[in-house]
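# Structure assessment
Take a look at the letters that make up each chain.
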Amino acid sequence: MTVKGVLFDFSGTLFRVESAVSWLAAALERTGVRMGETEAAEVARRLEEAGALPGGAQPRAVPPHLTEAWAARDRSAEEHRAAYTGLAREVPLPQPGIYDALYERHMEPAAWHPYADAAGVLGELRQRGVRTAVVSNVGWDLRPVFRAHGLGTWVDAYALSFEHGVQKPDPRLFLAACQALGLAPGEVLMVGDDRRADGGAAALGCAVHLVDHLPVEERPAGLRPVLGLVG
């Protein structure tokens, strides 16, 4: 069957979040807290190991008291904030307000960088008449990120886990995206970086294509093969 629609994951597929060092620096500036370069680098490293940066590295180990929150982190805005601020609080910081500043920072468009070929691929799909949607496990509205970086005009629909109360690999989230595009799952290709989460689309009958979750500068053309898959 001809592919008439493409579903894209957000983090690690179309966009990559800033480094933990940059993330922490923005929060420190916002809260007026001064920290030496060496100290800031060490704190950023510890936050990253804790898995406190959404879109960043997975936690090395989830503390027992956060196990349930982590498992359900993308089902609602409240659960998302609780999980990530909980992980951040495992790392001592000089002011409690920094934890909220860190969480707020990761939702800002400036914290995200599109992959170099994202706009070109989305634009080409639109020219070919292929409909597109973003399917993401996320606890906040990422539409402003797409608009700020000029990619929103190429996306036809969004299926965000916190808005539906289910998270990938639950087939219901992929089905919601297919329905929003007015297409049957067998007419749709899912593109993502997580074999388990994004691969869940296969249970619905969607084709699946995986990309590598790499820094932006290391993956300049990772999305280009998608154009060959839609004909």
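Whatever comes next refers back to the structure up there.
The sections below set out a description of the structure shown in this document. Please read these numbers as outputs of a predicted model, since none were measured by experiment. (Residues numbered from 1 in each chain as written. Predicted model: local features only at pLDDT ≥ 70, side-chain atom pairs only at ≥ 80, totals over all residues. Heavy atoms only, no water.)

Along the chain, serine 76 turns up in the loop between helix H3 (67-71) and helix H4 (77-88). Setting aside its immediate chain neighbours within four residues, serine 76 contacts Gly139 and Phe162. (Helix = DSSP H or I, 4+ residues; strand = E, 2+ residues; numbered from the N terminus. Contact = heavy atoms within 4.5 Å.)

Counting buried residues in strand E6 (residues 188-192) gives 5 out of 5 residues, a clear majority hidden from the surface. Residues Val188, Met190 and Gly192 line one face of E6 and the alternating positions Leu189 and Val191 line the opposite face, and both faces are buried. Sheet topology note: the strand E1 (residues 5-8)/E6 ladder contains 4 bridges and is parallel. For phenylalanine 8, the partnering residue across the bridge sits in E6 and is valine 191. The pairing of E6 with strand E7 (residues 207-210) spans 4 bridges and is classified as parallel. Pairing of methionine 190 across the sheet is with valine 208, part of E7. (Buried < 20%, exposed > 50% of the residue type's maximum accessible area, 1.4 Å probe, protein only. Pairing = 2+ DSSP bridges.)

A separate point is the packing of H4 against helix H5 (residues 97-106). Here H4 crosses H5 at 125°, and the two axes come no closer than 10 Å. Taken together, the axes of H4 and H5 lie oblique to each other. Helix-helix and strand crossings are classified by hand; for H4 and H5 the assignment is right-handed. Across from Ala77, His80, Arg81, Tyr84, Thr85 and Ala88 in H4, the residues of H5 making contact are Tyr99, Asp100, Tyr103, Glu104 and His106. Looking at side-chain class alone, the contact of H4 with H5 contains 5 nonpolar, 3 polar and 3 charged residues. (Axes fitted to C-alpha atoms, helices over the stretch in contact; angles between N-to-C directions. Parallel < 35°, antiparallel > 145°, perpendicular 65-115°, else oblique. Left-handed = near helix turned anticlockwise from the far one by under 90°. Nonpolar A, V, L, I, M, F, W, Y, C, P; charged D, E, K, R; others polar.)

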